[in-house]
Protein chains: 2
Amino acid sequence: MNAPAVSFRRARVDAVVALIADCLAAAGLSRDNAAAVAELMTEADLTGADGHGVFRLPQYVRRLRAGGFNRTPSITVDRTAPATALVDGDNGMGHLVVKRAAEAAIDIARETGVAWVGVRRSNHAGSAGLYAELPVRHGMVGIYSAVASANHMAVWGGKELLLGTNPLAIAVPTGAGPMVLDMATTIVSYGTVKKYALQGLPMPEGWLIDRDTGEPITDPARSGQGLLLPIGGYKGSGLSLMLGVLAGILNGAAFGRDCVDFNADDTSETDTGQLVIAVDIARFVPLDRFTAEVDRHMADLRASARLPGVEAIRLPGDRRRECRTERREAGIPLPAALIVQLDKVAAELGVTPLFER
Amino acid sequence: MNAPAVSFRRARVDAVVALIADCLAAAGLSRDNAAAVAELMTEADLTGADGHGVFRLPQYVRRLRAGGFNRTPSITVDRTAPATALVDGDNGMGHLVVKRAAEAAIDIARETGVAWVGVRRSNHAGSAGLYAELPVRHGMVGIYSAVASANHMAVWGGKELLLGTNPLAIAVPTGAGPMVLDMATTIVSYGTVKKYALQGLPMPEGWLIDRDTGEPITDPARSGQGLLLPIGGYKGSGLSLMLGVLAGILNGAAFGRDCVDFNADDTSETDTGQLVIAVDIARFVPLDRFTAEVDRHMADLRASARLPGVEAIRLPGDRRRECRTERREAGIPLPAALIVQLDKVAAELGVTPLFER
């Protein structure tokens, strides 16, 4: 299969933020909420999580206009124990709900050393790494997980779409800024598949299999017939399942067959569950000792001998950091097909198009 | 390669417990501590974690006699914040230290909703699932991780043994007892490789690669030249790394190049780090609703349509539960080579051999 040539154009970061904020406000969000979501979505683009940034704007706008998101949510934080809280998102956009949960986790962990904040009645919140990273700015470990907003995986051995790519993100401070692991429990996230579809690129074998035959699927246009494969076979399936129990069932939120596929349904409440854990590092070791030790060990791993053919050793978060530096300077690269979609959304909402900003 | 025939003999569960307890006591542990370790080691055998049960007895005895373990540890629990504690294991056997940490986590979580208990100056504690399961008996979620007691993995792209198989175990209650995910961050644990070596069985490709060539190793006798492969490539490597940071560096315990290979060194203090998290379910949803929802969804997954050739859908902990039922009745199957080793240890310590009990 030949990959068609894909043309990209760079957009200024402030223009992307402003486009998102204007579109979301035009679709009914308060200016403050629109600005908060715009910052988080653009941060996803900056850090290379292209499937979770401005790419999602057309879908979010469609859902806001269709009434699938509550445009004026009243998000509540119920402190259920000294170190726990349960956030009710009132069906608001996930970015707003999880940001509120992370802020609560940081406040609580400052008092109690650790906080576990569950979320119910939320929605798709984009890039997992964003929320794990928030506690890091306060000298804390951040952990985030979620029930994915569509089921693209089966339980190991099964063929029905009953599990999500349920992500896990873990972030810790280092001398050079946050080190962030942000992984789906599948080989790739469905966002990556959508990115390949938008760009018309074939996918490697091993990402998706056909639900009926079990054979590999490499054409992203056929992804609707496929199952995403978990990392480590039954292990990744089990990890996705357990993260789904913790982020979903534990919070009284949706799991399994009760999950709404928000790619196919713009109106039903998804009752998405998420969780944020914050751990105050200084309750275990002094923060400066922690970062010095992490730095020492990471430098050792980076400098260690490499397998044949490997040019450099990459650690979790390296790509995020490099991408952020490069894109903040050079702008965010957007494929032509996405720009067409964004212009269409802007026109529908009567908002200034991206490249006229 | 032909696998040699392996002969097994079943040992009564109470005989295994008594053999372990007598050997550990003869090697210098108090009767109470010897009994506590014997219960946990036998539980590993009962639940099918064969690489972590009585199989480890010869090594543990050797280490106790060589002074690598503190035979009379004074384990301390420092409550560093309302919801956190740091346990100093005083270089005692890991089973004793982590059991104490899990008990502390349960006590704290009852007050604060969640507890995060870190461990330093501990040792190899055997099967991860054991410790995640302890909070479940109190209506809690249990999570356990550890820095593995030897480095059998490289960072992704590297070839030096600087990372461990750092396990993650997550356990939740269901109507039918605990559901336990217990996974190494590698495709298999080194315990599994050792079990194959003891039985003289060839391993499938994909478990280990040669450090110098990157080619697969299938002969377990050559495992010393190999690297265990992480689940999901760079993802499993990143997960192992982050779990090591949380279980090791955060607790001021060993990580990376500072880890002591306890298979090769019987005397140096390992400074093993571990962590236990307990979450009180009732702070989020009523416990009976939680178990009912887990049961409903697990039944749905189990009954879901299967891929061609799959006979039954297995969920995390199924094998543990079945194994436990079967072995409690029929006894614990031990390969002939292990029985020879156990008889030798018993003779050295002047303790009644297993099959004379």
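As annotated in an unreviewed UniProt entry, chain A carries the name Lactate dehydrogenase and comes from Rhodoplanes roseus. Here chain A is described in UniProt, under the heading Sequence similarities (unreviewed entry), as follows: "Belongs to the LDH2/MDH2 oxidoreductase family."

Undergrad: What am I meant to see in the sheet that holds strand β9 (residues 216–217) of chain B here?
TA: Strand-to-strand pairing in sheets goes through backbone hydrogen bonds, with the strands running parallel or antiparallel. Residue and element names in this part refer to chain B. Reading across from one edge, β9-β8-β10 is the order of the three strands in this open sheet, with antiparallel pairing throughout. Of all strands in the sheet, those bounded by a partner on one side alone are β9 and β10 (226–228). Both strand β8 (residues 208–210) and β10 contribute to a ladder of three bridges, which runs antiparallel. In the sheet register, Asp210 faces β10, and the bridge partner there is Gly226.

Undergrad: I tried to follow the relation of the copies chain A and chain B on my own but got confused; where do I start?
TA: Note on the chain copies: they are related by a rotation about an axis and a translation along it. Each copy of the sequence occupies a distinct position, and chain A is placed on chain B by a rotation of 180 degrees and an axial shift of 0.0 Å, giving an RMSD of 0.0 Å. Given the turn and translation reported, the copies of this chain are related as if by a two-fold rotation axis. Of the residues that chain A buries at the interface, 100% are likewise interface residues in chain B, meaning the two copies contact each other through the same surface.

Undergrad: Can you help me understand the interface of chain A and chain B in this one?
TA: When the parts of a complex come together, some accessible area is lost, and that lost area is often used as the size of the interface. Counting residues at the interface gives 81 residues for chain A and 83 residues for chain B. Of the roughly 6,500 Å² buried between chain A and chain B on both sides combined, carbon and sulfur atoms contribute 75%. Linking chain A to chain B there are four salt bridges. For Arg257(A), the salt bridge identified is with Asp300(B), shortest N-O distance 2.9 Å. Applying the counting criterion to the chain A and chain B interface returns 19 residue pairs in polar contact (both at pLDDT 80 or more). Of the residues forming the side of chain A that touches chain B, the biggest block, nine residues, is contributed by helix α8 (residues 287–302) of chain A. For the side of chain A that touches chain B, the per-class residue count stands at 50 nonpolar, 16 polar and 15 charged.

Undergrad: Quick question: what am I supposed to make of the pattern of salt bridges here?
TA: Between side chains of opposite charge, a pair can form as their charged atoms come close. Residue and element names in this part refer to chain A. Counted by the stated rule, this structure contains 52 salt bridges over all chains. For Asp210, the salt bridge is made with Arg222, and the minimal N-O distance between the two is 2.9 Å. Here Arg222 lies in the loop between β9 (216–217) and β10 (226–228) and Asp210 lies in strand β8 (residues 208–210), a separation of twelve residues in the sequence. By relative accessible area, Asp210 is classed as buried at 8%.

Undergrad: Sorry if this is basic, but what is going on with the sheet that holds strand β3 (residues 84–88) of chain A here?
TA: Residues and elements named next belong to chain A. The strand order β2-β3-β4-β11-β5-β6-β7 describes an open sheet built from seven strands, whose pairing is mixed. Each having just a single partner strand, β2 (76–81) and β7 (177–183) make up the two edges of the open sheet. Strand after strand, the sheet turns through a mean of 15 degrees between neighbouring axes, direction not considered. Sheet analysis places strand β5 (residues 140–146) next to strand β11 (residues 272–280), joined by seven bridges and oriented antiparallel.

Undergrad: Please clarify how the domain arrangement of chain A should be interpreted in this entry.
TA: Residue and element names in this part refer to chain A. According to the domain assignment, chain A consists of domain 1 (1–66 + 329–357) and domain 2 (73–186 + 230–303). Taking the mean C-alpha position of each, domain 1 and domain 2 sit 24 Å from one another. Each partner contributes residues to the interface: domain 1 has 18 residues there, and domain 2 has 17 residues. Roughly 1,600 Å² is buried in total at the junction of domain 1 and domain 2, and carbon and sulfur atoms are behind 62% of that figure.

Undergrad: What should I look at first to understand the pairing of strand β11 (residues 272–280) of chain B in this one?
TA: Residues and elements named next belong to chain B. Among the nine residues that make up β11, nine are buried, leaving the element largely enclosed by the rest of the structure. The alternating pattern of β11 places Thr272, Gln274, Val276, Ala278 and Asp280 and Gly273, Leu275, Ile277 and Val279 on opposite faces, both of which are buried. Looking at chain direction, strand β4 (residues 114–122) and β11 are connected through seven bridges and run antiparallel. Along β11, the bridge assignment pairs Trp116 with Ile277.

Undergrad: What exactly am I supposed to notice about helix α1 (residues 13–26) of chain A here?
TA: Helical geometry note: an α-helix holds 3.6 residues per turn, so side chains three or four residues apart project in the same direction. Residues and elements named next belong to chain A. Its 14 residues give α1 an end-to-end C-alpha distance of 20 Å, which sits within 8% of 20 Å, the value for a rise of 1.5 Å per residue. Counting buried positions over the 14 residues of α1 gives ten, a clear majority of the element. The complete set of buried residues in α1 reads Val13, Ala15, Val16, Val17, Leu19, Ile20, Ala21, Cys23, Leu24 and Ala25. Once α1 ends, the next one or two residues include Gly28, with phi positive near 120 degrees.

Undergrad: How should the side chain of Asp280(B) be read in this particular structure?
TA: Secondary-structure assignment places Asp280(B) in strand β11. Classification of Asp280(B) as buried rests on a relative accessible area of 13%.

Undergrad: When you look at the side chain of Asn166(B) in this model, what are you seeing that I'm missing?
TA: Positionally, Asn166(B) belongs in the loop between β5 (140–146) and β6 (168–174). Reaching out from Asn166(B), the side chain makes a polar contact with the backbone oxygen of Ser240(B) at a distance of 2.9 Å.

Undergrad: Got a minute to help me understand the packing of helix α2 (residues 31–46) of chain B against helix α9 (residues 318–330) of chain B in this structure?
TA: The description of two helices packed together rests on the angle between their axes and the distance between the axes. All names here are of chain B. Across the interface, α2 lies against α9 with an axial gap of 8 Å and an inter-helix angle of 105 degrees. The angle between α2 and α9 places the two elements in the roughly perpendicular class. Of the residues in α9, those in contact with Glu43, Asp45 and Leu46 of α2 are Arg320, Cys323, Arg324, Arg327 and Arg328. Of the residues in the contact of α2 with α9, the class split is two nonpolar, no polar and six charged.

Undergrad: Any chance you could explain the packing of aromatic side chains here in plain terms?
TA: For any pair of aromatic rings, the description rests on two quantities: the centre-to-centre distance and the angle between the ring planes. All names here are of chain A. Enumeration over the complete set of coordinates arrives at six aromatic pairs over all chains. Measuring from ring centre to ring centre gives 5.3 Å for Tyr131 and Tyr144, while their planes differ by 40 degrees; the resulting arrangement is tilted. Remark: Tyr144 occurs in strand β5 and Tyr131 occurs in helix α5 (residues 128–136); sequence separation between them is 13 residues. Both residues of the pair, Tyr131 and Tyr144, belong to the buried class.

Undergrad: Looking at this structure, I do not really get the environment of Asp318(B). What am I missing?
TA: Tracing the backbone shows Asp318(B) in helix α9. In this structure, the C-alpha to C-alpha distance between Asp318(B) and Pro178(B), residues 140 residues apart in sequence, is 9.9 Å.

Undergrad: Would you mind going over the pairing of β5(B) with me for this structure?
TA: Within a regular strand, the side chains alternate between the two sheet faces. Extensive coverage of β5(B) is indicated by the burial of seven of its seven residues. Side chains Met140(B), Gly142(B), Tyr144(B) and Ala146(B) project from β5(B) onto one buried face, and the interleaved Val141(B), Ile143(B) and Ser145(B) project onto a second face that is buried too.

Undergrad: Is there a simple way to explain α9(B) in this structure?
TA: Residue and element names in this part refer to chain B. Its 13 residues place the ends of α9 18 Å apart at the C-alpha level, agreeing with the 18 Å of an ideal helix rising 1.5 Å per residue. Among all positions in α9, only Asp318, Arg320, Cys323 and Arg327 are buried. Trailing α9 by a residue or two, Gly331 shows a phi angle of about 100 degrees, which is positive.

Reading the values: rules and limits
Residues numbered from 1 in each chain as written. Chains lettered and ligands numbered in written order. Predicted model: local features only at pLDDT ≥ 70, side-chain atom pairs only at ≥ 80, totals over all residues. Heavy atoms only, no water. UniProt positions renumbered as here; feature names shortened; annotations may be inferred. Pairing = 2+ DSSP bridges. Helix = DSSP H or I, 4+ residues; strand = E, 2+ residues; numbered from the N terminus. Least-squares fit on C-alpha atoms with pLDDT ≥ 70 in both. Contact = heavy atoms within 4.5 Å. Buried area = accessible area lost by both parts, 1.4 Å probe. Salt bridge = Lys/Arg side-chain N within 4 Å of Asp/Glu carboxyl O. Polar contact = N/O pair within 3.5 Å; in protein donor to acceptor, adjacent residues only side chain to side chain. Nonpolar A, V, L, I, M, F, W, Y, C, P; charged D, E, K, R; others polar. Buried < 20%, exposed > 50% of the residue type's maximum accessible area, 1.4 Å probe, protein only. Axes fitted to C-alpha atoms, helices over the stretch in contact; angles between N-to-C directions. Domains from an automatic or database assignment. Expected span 1.5 Å × (residues − 1). Parallel < 35°, antiparallel > 145°, perpendicular 65-115°, else oblique. Phe/Tyr/Trp six-rings, centres within 6.5 Å; stacked < 30°, edge-to-face > 60°.

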